[in-house]
Amino acid sequence: MTKTTDRHQAILELLRTRDANVEELCAALDVSEATIRRDLTTLAKERRLVRTYGGATARVGAHEPEASLEERKSTQGEQKEAIAVAAAAHVRDGDTVLLDGGTTCAALARRLAARENLHVVTNNLLAVMALANSPGVRLTLIGGELRGSSMSTLGPLAELILSRLTVDCAFLGADGVVAGFGLCEATAQQAWLKECIVARAAEVIVLADSDKLGRTRQQHWTPIQRNWRLLTSSMASDAALAPFRALREVTVELAPI
């Protein structure tokens, strides 16, 4: 192997364990900043990693097993509840809002159960259960194929229903959120449905706990090529938030813990 090939392999091995910025890679490999930047550009063009603001993260397509619904329910509960509280503040009486699948959007649904004159559109059966007996909430369930691992619906029927709707605000979840790249999901149908949602919403808010920032461990992506808000928790580090804050189209909001 050439020296360049060895260095590229070393970069990829380091990124499999953690994200890294240019300065960290320079120190780890004892090379110049210009060399590292050339390496990152080359590896990104080969789709072996994802460039981030000031550094890089693991390659697109690096796959990990999808967490079960029970695992997701028991993970980052404090952050999800704080994010749900902050998200509810963006919902006004009289709004039509869309709640995506996932446990964070389900937590938001519970916060909306006592609202008046609210129309909620959702493919999230956990949200349906939270809102089914709320007299002030008109509830529209997006039909389609049931995905039992997330208790949500998706597929062509869900996409058709969405094509007939518009909403004031869409709240999206994701397995991972990468600045400049979008939302990652375990299946192409999930990613495409989110893209359909983005196209039908006047405002888009992504709800993501700190563990999901910069996470690229699923293989299917939803780009967000418009202005949007990232709502995460105050436990997110400055390093994780910096790539999002560097983008003009992203507004970052922190929910206090």
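Residues numbered from 1 in each chain as written. Predicted model: local features only at pLDDT ≥ 70, side-chain atom pairs only at ≥ 80, totals over all residues. Heavy atoms only, no water.

What follows concerns the packing of helix 1 (residues 3-15) against helix 2 (residues 22-29). The interhelical angle for the contact between helix 1 and helix 2, taken along N-to-C directions, is 120°, at an axis separation of 11 Å. In terms of their interaxial angle, helix 1 and helix 2 are classed as oblique. Classified by chirality, the crossing of helix 2 by helix 1 is right-handed. Across the interface between the two elements, R7, A10, I11 and L14 of helix 1 pack against L25, A28 and L29 of helix 2. Split into classes, the residues belonging to the contact of helix 1 with helix 2 amount to six nonpolar, no polar and one charged. (Axes fitted to C-alpha atoms, helices over the stretch in contact; angles between N-to-C directions. Helix = DSSP H or I, 4+ residues; strand = E, 2+ residues; numbered from the N terminus. Parallel < 35°, antiparallel > 145°, perpendicular 65-115°, else oblique. Left-handed = near helix turned anticlockwise from the far one by under 90°. Contact = heavy atoms within 4.5 Å. Nonpolar A, V, L, I, M, F, W, Y, C, P; charged D, E, K, R; others polar.)

We now examine helix 6 (residues 103-112). Here helix 6 lies mainly inside the structure; eight of its 10 residues are buried. T103, T104, C105, A106, A107, L108, A109 and L112 are the residues of helix 6 that are buried. (Buried < 20%, exposed > 50% of the residue type's maximum accessible area, 1.4 Å probe, protein only.)

The next subject is the sheet that holds strand 12 (residues 201-207). Taking strand neighbours across the sheet as the criterion, the seven strands line up as 6-5-4-9-12-14-15 in an open arrangement whose pairing is parallel. If you trace the sheet from one side to the other, it starts and ends with strand 6 (137-141) and strand 15 (250-255), each paired once. This sheet shows a mean twist of 20° between the axes of neighbouring strands, independent of strand direction. Two elements, strand 5 (residues 118-122) and strand 6, share five bridges in a ladder whose sense is parallel. Within strand 6, the position partnered with V121 by the bridge is T140. Docked against the sheet, helix 10 (residues 238-245) engages strand 14 (228-233) and strand 15, running at close to 150° with respect to strand 15. (Pairing = 2+ DSSP bridges.)

Moving on: the packing of aromatic side chains. Applying the stated rule across the entire model yields two aromatic pairs. For the pair F181 and W221, a centre-to-centre distance of 4.6 Å together with 90° between the ring planes defines the contact as edge-to-face. With F181 in the loop between strand 10 (176-178) and strand 11 (182-185) and W221 in strand 13 (residues 220-222), this residue pair connects regions lying 40 residues apart in the sequence. Overall, the relative accessible area of 16% leaves W221 in the buried class. Measuring from ring centre to ring centre gives 6.4 Å for W228 and F244, while their planes differ by 90°; the resulting arrangement is edge-to-face. Here the residue W228 occupies a position in strand 14, and F244 occupies one in helix 10, the gap between them amounting to 16 residues. (Phe/Tyr/Trp six-rings, centres within 6.5 Å; stacked < 30°, edge-to-face > 60°.)

Keep in mind these numbers describe shape, not what the thing actually does.
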